[in-house]
Amino acid sequence: MSNNTYTQNQANSTPQDNKGGLVVSVTTARDTRPIMNAHVVISKRNASREQLIRTLTTDANGRTPVIELPTPPLSNSTSPGSLIPYAIYNVRVDYPGYYSVENLDVPIFPNNVAVQPVNLIPLPLDTYTGKTKFFNESEPSDLIEEESGGRQ
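Here the structure is a predicted model, which is why all the values come from computation and not from measurement.

S.K.: Teacher, can you tell me more about the pattern of salt bridges here?
M.R.: Working definition: two side chains of opposite charge can pair if their charged atoms are close together. The tally for this structure, following the rule as stated, stands at three salt bridges. Among the salt bridges present, the one from Arg45 reaches Glu50, with a minimum N-O distance of 3.3 Å. In this structure, Asp94 engages Arg92 in a salt bridge whose closest nitrogen and oxygen atoms are separated by 3.2 Å. In this structure Arg92 comes out as partly exposed when scored by relative accessible area, which is 33%. One connected set of salt bridges, linked through shared partners, spans Arg92, Asp94 and Glu102.

S.K.: Can you walk me through the confidence of the model for the protein in this structure?
M.R.: Low-confidence regions, as indicated by low pLDDT, have predicted coordinates that should not be scrutinised in detail. With 70% of its residues at a pLDDT of 70 or more, the protein has an overall mean of 78. Overall, residues 1–13 carries pLDDT values under 50, and its contacts beyond four positions in sequence, including any with other chains, amount to 28 contacts. Within the model, the stretch residues 143–148 combines pLDDT values under 50 with four contacts to residues more than four positions away or in other chains.

Quick notes on the rules
- Residues numbered from 1 in each chain as written.
- Predicted model: local features only at pLDDT ≥ 70, side-chain atom pairs only at ≥ 80, totals over all residues.
- Heavy atoms only, no water.
- Salt bridge = Lys/Arg side-chain N within 4 Å of Asp/Glu carboxyl O.
- Buried < 20%, exposed > 50% of the residue type's maximum accessible area, 1.4 Å probe, protein only.
- pLDDT = per-residue confidence, 0-100.
- Contact = heavy atoms within 4.5 Å.

Below, the structure written as structure tokens:
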């Protein structure tokens, strides 16, 4: 879900007509800890293929810089009708040790900066390499020896 609000820092970087802005804010621990150096991919679906628009990394505050993205003209949102007043983009965020998150159909309106929050969830322990660790739950041989008096 995007939040179309301006912040004080974004006031000077308002996008022009037929352009909208996007900032991705990446956090973890229920939005309490920003994630620095998260890999952010902005893409757009065109016909049957995904078109890469931009790749970014987050700063120490877990945010990307404002990027300008093409949108329909502002006039689409001021007159009723069947014209779509916004552009749709996809946002994917990856960071080692966390599940990847993909936000589909993020709306970007002309002359607005959308802030897309992404809250990453840590992977379970021992899955950082993408492999599964198996544990044998059978009775250990030491226990059998202990019961028969084999250990002192």
